[in-house]
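Single-letter residue listing:
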Amino acid sequence: MASSLNFSHINSDTFDEVPIRIKIDGVNADLTDAIIRMQLRKKACDLKAALSLTSVANAGLTITDAINGLFKINKQVINVDVYNYVYDIEIKFGNGIIKTYIRGNFNILEEVTR
C-alpha cells in the first residue's frame, strides 16, 4: 500500500526540494537503474497530466543515492492551473518491477501578488 504525502504550493512560486527515502520491509530500496516518475492530474483517470516529472535526465526528480533508496523532488518553479490535484510517484526498478509507494494530493493555490 502506498504512503500518503500531501503538498500545498502557491502557483508560480519556487517549490523547495523534497528529499525522499524508499524502504521496503525496513530496508533501503536499491534504486540502481531505476526510473522514477511523478504526475499531477485533476482525476486519476484523466488522460492529460497537468505536470509530469521524471528521473530520466533529472527532469524534475533526481536519484541522489541509489544504493540507499534516496531521491528528491527537485527545487523548481511550478506553474500549473490552480486546483487540488492527485499525484503519485511510481518507481520502475532495474529488474523491471513497477511499484507506487507514495501518493496524495498536490494542492496548487492561487497567487495573490503578481
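Below is a short write-up of the structure. (Residues numbered from 1 in each chain as written. Predicted model: local features only at pLDDT ≥ 70, side-chain atom pairs only at ≥ 80, totals over all residues. Heavy atoms only, no water.)

Looking at the packing of aromatic side chains
Right, so step 1: Applying the stated rule across the entire model yields seven aromatic pairs.
Right, so step 2: When the centroid spacing of 5.1 Å and the interplanar angle of 40 degrees are considered together, the rings of Phe7 and Phe106 count as tilted. Residue Phe7 is found in strand 2 (residues 7-10), and its partner Phe106 is found in strand 13 (residues 98-109); the two are separated by 99 residues along the sequence.
Right, so step 3: Classification of Phe106 by relative accessible area gives buried; the value is 1%.
Right, so step 4: Pairing Tyr87 with Phe106 gives two aromatic rings, centres 6.0 Å apart and planes at 90 degrees, and the pair type is edge-to-face. Of this pair, Tyr87 sits in strand 12 (residues 83-92) while Phe106 sits in strand 13, and the two are 19 residues apart along the sequence.
Right, so step 5: Note on Tyr87: relative accessible area 3%, which makes it buried.
Right, so step 6: Just above the ring of Tyr83 sits the side chain of Lys42; from NZ or CZ to the centre is 5.0 Å. (Phe/Tyr/Trp six-rings, centres within 6.5 Å; stacked < 30°, edge-to-face > 60°. Helix = DSSP H or I, 4+ residues; strand = E, 2+ residues; numbered from the N terminus. Buried < 20%, exposed > 50% of the residue type's maximum accessible area, 1.4 Å probe, protein only. Lys NZ or Arg CZ within 6 Å of the ring centre and 35° of its normal.)

Points about the environment of Ala50
Right, so step 1: Its place among the elements puts Ala50 in the loop between strand 7 (35-41) and strand 8 (51-54).
Right, so step 2: Considered as a pair, Ala50 and Met1 are 49 residues apart in the sequence and their alpha carbons are 24 Å apart.
Right, so step 3: Setting aside chain neighbours within four positions, we find Ala50 in contact with Leu40, Val80 and Tyr85. (Contact = heavy atoms within 4.5 Å.)

Let's talk about unusual backbone geometry
Right, so step 1: Here Ser12, not a glycine, exhibits a phi torsion of approximately 75 degrees, which is positive.
Right, so step 2: Its location among the elements puts Ser12 in the loop between strand 2 and strand 3 (14-15).
Right, so step 3: We note that Asn58 has phi near 55 degrees; this positive angle belongs to a residue other than glycine.
Right, so step 4: In this fold, Asn58 is placed in the loop between strand 8 and strand 9 (61-65).

Remarks on the nonpolar core
Right, so step 1: The biggest cluster of nonpolar side chains holds 27 residues, and the ones touching the most others in it are Met38, Ile73, Ile89 and Phe106.
Right, so step 2: When contributions to this core are tallied by element, the ones reaching two or more residues are strand 4 (18-21), strand 7, strand 8, strand 10 (70-73), strand 12 and strand 13.
Right, so step 3: The residues contacting Ile89, other than those within four sequence positions of it, are Ile20, Ile36, Arg37, Met38, Phe71, Ile73, Lys99, Thr100, Tyr101 and Ile102. (Core = buried A, V, L, I, M, F, W, Y, C linked by side-chain atoms within 4.5 Å.)

Overview of the pattern of salt bridges
Right, so step 1: Enumeration over the complete set of coordinates arrives at two salt bridges.
Right, so step 2: Notably, a salt bridge pairs Lys72 with Glu17, separated by 3.1 Å at the nearest N-O pair. Residue Lys72 is located in strand 10, and its partner Glu17 is located in the loop between strand 3 and strand 4; the two are separated by 55 residues in the primary sequence.
Right, so step 3: When its relative accessible area of 42% is taken as the criterion, Glu17 is described as partly exposed.
Right, so step 4: One salt bridge connects Arg37 with Glu90, and the closest N-O pair in it is separated by 3.0 Å. Of this pair, Arg37 sits in strand 7 while Glu90 is found in strand 12, placing the two residues 53 residues apart along the sequence. (Salt bridge = Lys/Arg side-chain N within 4 Å of Asp/Glu carboxyl O.)

Honestly, that's just the spatial picture; any functional story needs more than this.
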